[in-house]
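# Analysis of the macromolecular model
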Amino acid sequence: MNAADRPAPVTRVGVVGCGVMGAGLAEVCARPGREVLVAVASHRSLTAGRARLTGSLDRAVAKGRLTGLEREAILDRISFTLRLTDLADRDLVIEAVSEDEQTKLKLFSELDGIARDPATVLASNTSSLPVAKLAMATARPQRVIGMHFFNPVPTLPLVEITGSLLSEEHTLARAELFVRDVLGKEVIRSRDRAGFVVNALLVPYLLSAIRMLESGHARAEDIDKGMVLGCAHPMGPLRLADLVGLDTLAAVAAGLYEETKEQLFSAPALLSRMVESGLHGKKNGRGFYSYR
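Residue indices follow the written sequence of each chain, beginning from 1 at its first position. Owing to the predicted nature of the model, reporting of local features is limited to residues with pLDDT of at least 70; listing and counting of side-chain atom pairs is limited to 80 or more, with chain, interface and lining totals taken over all residues. Values reported for side chains reflect all heavy atoms of the structure, with hydrogen atoms and water molecules removed beforehand.

### Considering the overall build of the protein
- Working definition: helices are DSSP H or I runs of at least four residues, strands are E runs of at least two. Numbering for both runs from the N terminus. The helix and strand inventory of the protein stands at eleven helices and eight strands.
- In this setup the radius of gyration rests on C-alpha atoms only. A globule is expected at 2.2 Å times the number of residues raised to 0.38. Since a compact globule built from 292 residues should have a radius of gyration of about 19 Å, the 19 Å found for the protein is in line with a globular shape.
- Summarising its shape, the C-alpha atoms of the protein cover approximately 60 × 45 × 40 Å along the three principal directions.
- Within the protein, residue pairs in contact and separated by at least 24 positions form 68% of the contacts whose partners lie at least 6 positions apart.
- A total of about 14000 Å² of accessible surface is found on the protein, and carbon and sulfur atoms cover 54% of it.
- All tallies of charge rest on Lys and Arg as positive and Asp and Glu as negative; His and the ends of each chain are not included. The atom standing in for a charge is NZ when the residue is Lys, CZ when it is Arg, CG when it is Asp and CD when it is Glu. Here the protein contributes 36 positive and 34 negative side-chain charges, whose respective centroids are spaced 4 Å apart. Contacts are assigned to residue pairs with any non-hydrogen atoms lying within 4.5 Å of each other. Only the protein chains shown count as cover for residues, and all accessible areas are computed by the Shrake-Rupley method using a 1.4 Å probe.

Structure, rendered in structure tokens:
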């Protein structure tokens, strides 16, 4: 790629949402010197999001991965707003709101009217929803892509970049250069199909482990120990499900099942009951294990 064809650099990043994923996105984009503006829906979300950010950076300092001065510099590059319209000048906007189709469709329609630069990349951190559907909520479908990061964002090195049938290659290349050259992460490309690459393989595995527990085949601890010690996995499937978030896992599985109608994506009753009971995993203190 010669200099004339090289995509314009991304210098101003917008993040919508500051939950576990949104806070991680803000951190990794600010670390290499990018200015990050995080849009949240309420003062409560702002307070909780800032606490997630500072907590993550404090842990990095404690482990010797950052200095105190680097921590402060990163925080100085991150600001918050309660107004989505403040994202008008961003080069790249990544949404990290709940995995709900109607919520994301409404958001992309709003962002389309807010972003002033027609070249602004509108990206979704979705792990299951069709990028094409989100793109068609805008008047710039060629600029809409999927950028699926993994939790915890500051630690895991992979990003799945997904274009719809309408996405321009130039937009995908711009996002890939940013992820690889600025964020220092690895990129894999995926077609716009349910689950992309990772979740199309991972979700059936996690659901199978839940079915095994549900049937009484084995205890949670033994299922996880079997996969860690028998298959050299760094974490067992039930503890991984807790880390992903059981509500998130259920939403992703529902999206996969809706598109494919394959039974391997059908959520076990145990997962549905746990989500209905507010047992969402590590993020709220209890899932298959207790974190309190």
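### Observations concerning the environment of Ala267
- Mapped onto the elements of the fold, Ala267 is located in the loop between helix H10 (246-260) and helix H11 (269-276).
- Any residue under 20% of the maximum accessible area for its type is buried, any over 50% is exposed, and the rest in between are partly exposed; the area is computed with a 1.4 Å probe on protein chains only. For Ala267, a relative accessible area of 30% corresponds to the partly exposed category.
- Beyond its immediate stretch of four places on either side in the chain, Ala267 contacts Leu207 and Ser272.

### A look at the pairing of strand E6 (residues 144-149)
- In terms of residue burial, E6 counts as a mostly covered element, since six of its six residues are buried.
- Side chains of E6 alternate between two faces, with Val144, Gly146 and His148 and Ile145, Met147 and Phe149 buried alike.
- Between any two strands, at least two bridges found by DSSP are needed for them to pair. Two strands pair when backbone bridges link them, and strand E5 (residues 121-124) and E6 are joined in this way by three bridges, in the parallel orientation. Among the inter-strand pairings, Ser124 is bridged to a residue of E6, identified as Gly146.
- As judged from the five bridges shared by E6 and strand E7 (residues 158-163), these two strands associate in the antiparallel manner. Across the sheet, Met147 pairs through a bridge with Ile161, a residue of E7.

### Comments concerning the pairing of strand E2 (residues 35-39)
- With four of five residues buried, E2 lies mostly within the body of the structure.
- Direction of pairing for strand E1 (residues 12-16) relative to E2: parallel, over a ladder of five bridges. For Gly14, the partnering residue across the bridge sits in E2 and is Leu37.
- Call a crossover right-handed when, viewed with both strands pointing away from you, the route from the first strand across the helix to the second goes clockwise. Handedness of the β-α-β unit built from E1, helix H1 (residues 20-30) and E2 comes out right-handed.

### As for the environment of Arg52
- Following the sequence through the fold, Arg52 ends up in helix H2 (residues 43-62).
- Excluding its chain neighbours within four sequence positions, the residues that come into contact with Arg52 are Cys18, Gly19, Val20 and Ala23.
- At a separation of 2.8 Å, a polar atom in the side chain of Arg52 contacts the main-chain carbonyl oxygen of Cys18. Polar contact criterion, stated in full: a pair of N or O atoms within 3.5 Å, where within protein one must be able to donate a hydrogen and the other to accept it, and residues adjacent in sequence count only if both atoms are side-chain atoms.

### Remarks on the nonpolar core
- What is meant by a nonpolar core is a set of buried Ala, Val, Leu, Ile, Met, Phe, Trp, Tyr and Cys residues, joined one to another through side-chain atoms within 4.5 Å. With 40 residues, the main nonpolar core has Val36, Val38, Ile78, Met147 and Phe149 as its most contacted residues.
- The dominant element in this core, judged by the number of residues it contributes, is H1, at seven residues.
- Look past the residues within four positions of Val36 in its chain and what remains in contact with it is Val13, Val15, Ala26, Cys29, Ala30, Arg77, Ile78, Ser79 and Arg90.
- Membership of the second largest hydrophobic core comes to 22 residues, among which are Ile210, Leu246, Ala253 and Phe265.

### Focus on the packing of helix H7 (residues 198-214) against helix H8 (residues 220-231)
- Between H7 and H8, the least distance of the axes is 9 Å, while the angle of their chain directions is 140°. By the angle between their directions, the pair H7 and H8 is classed as oblique. The crossing of H7 and H8 is right-handed. In this structure, H7 uses Tyr205, Ala209, Met212 and Leu213 to contact H8, whose residues at the interface are Ala220, Ile223 and Met227.
- For the contact of H7 with H8, the residue count by class is seven nonpolar, no polar and no charged. Whenever a helix is involved, its axis is fitted only over the stretch in contact; in every case the axis is a line through C-alpha atoms, and angles between N-to-C directions fall within 0 to 180 degrees. Our angle categories are set so that under 35 degrees counts as roughly parallel, over 145 as roughly antiparallel, 65 to 115 as roughly perpendicular, and the remainder as oblique. Each crossing is labelled by how the near helix is turned from the far one, with a counterclockwise turn of less than a right angle marking it left-handed and a clockwise turn marking it right-handed. Under this grouping Gly is polar, as are all residues other than the nonpolar Ala, Val, Leu, Ile, Met, Phe, Trp, Tyr, Cys and Pro and the charged Asp, Glu, Lys and Arg.

### Looking at a nonpolar patch on the surface
- Like-charged residues are merged into a patch within 9 Å and nonpolar side chains (Val, Leu, Ile, Met, Phe, Trp, Tyr) within 5 Å, provided each residue has over 30% relative accessible area and no salt bridge. When a carboxyl oxygen of Asp or Glu lies within 4 Å of a side-chain nitrogen of Lys or Arg, that pair is called a salt bridge. The grouping of Met136, Leu165 and Leu166 at the surface amounts to a nonpolar patch, some 380 Å² of accessible area in total.
- Checked against the element boundaries, Met136 lands in the loop between helix H5 (131-135) and E6.
- Residue classification places Met136 among the exposed positions, given a relative accessible area of 55%.

### Notes on H8
- Between the first and last C-alpha of H8 there are 16 Å, a value that for twelve residues agrees with the 16 Å anticipated at 1.5 Å per step.
- Among the residues of H8, those classed as buried are Ala220, Ile223 and Asp224. One side of H8 carries all its buried residues, which in axial view fall inside an arc of 95°. Turned more than 90 degrees off the buried face of H8, the exposed positions are Lys225, Leu229 and Gly230.
- On its buried face, H8 sits against H7 and helix H9 (237-244).
- Where H8 terminates, the next one or two residues include Ala232, which has phi positive at roughly 60°. To estimate the expected span of a helix, subtract one from its residue number and multiply by 1.5 Å. The reported arc concerns the directions from the helix axis to the C-beta atoms and nothing else.

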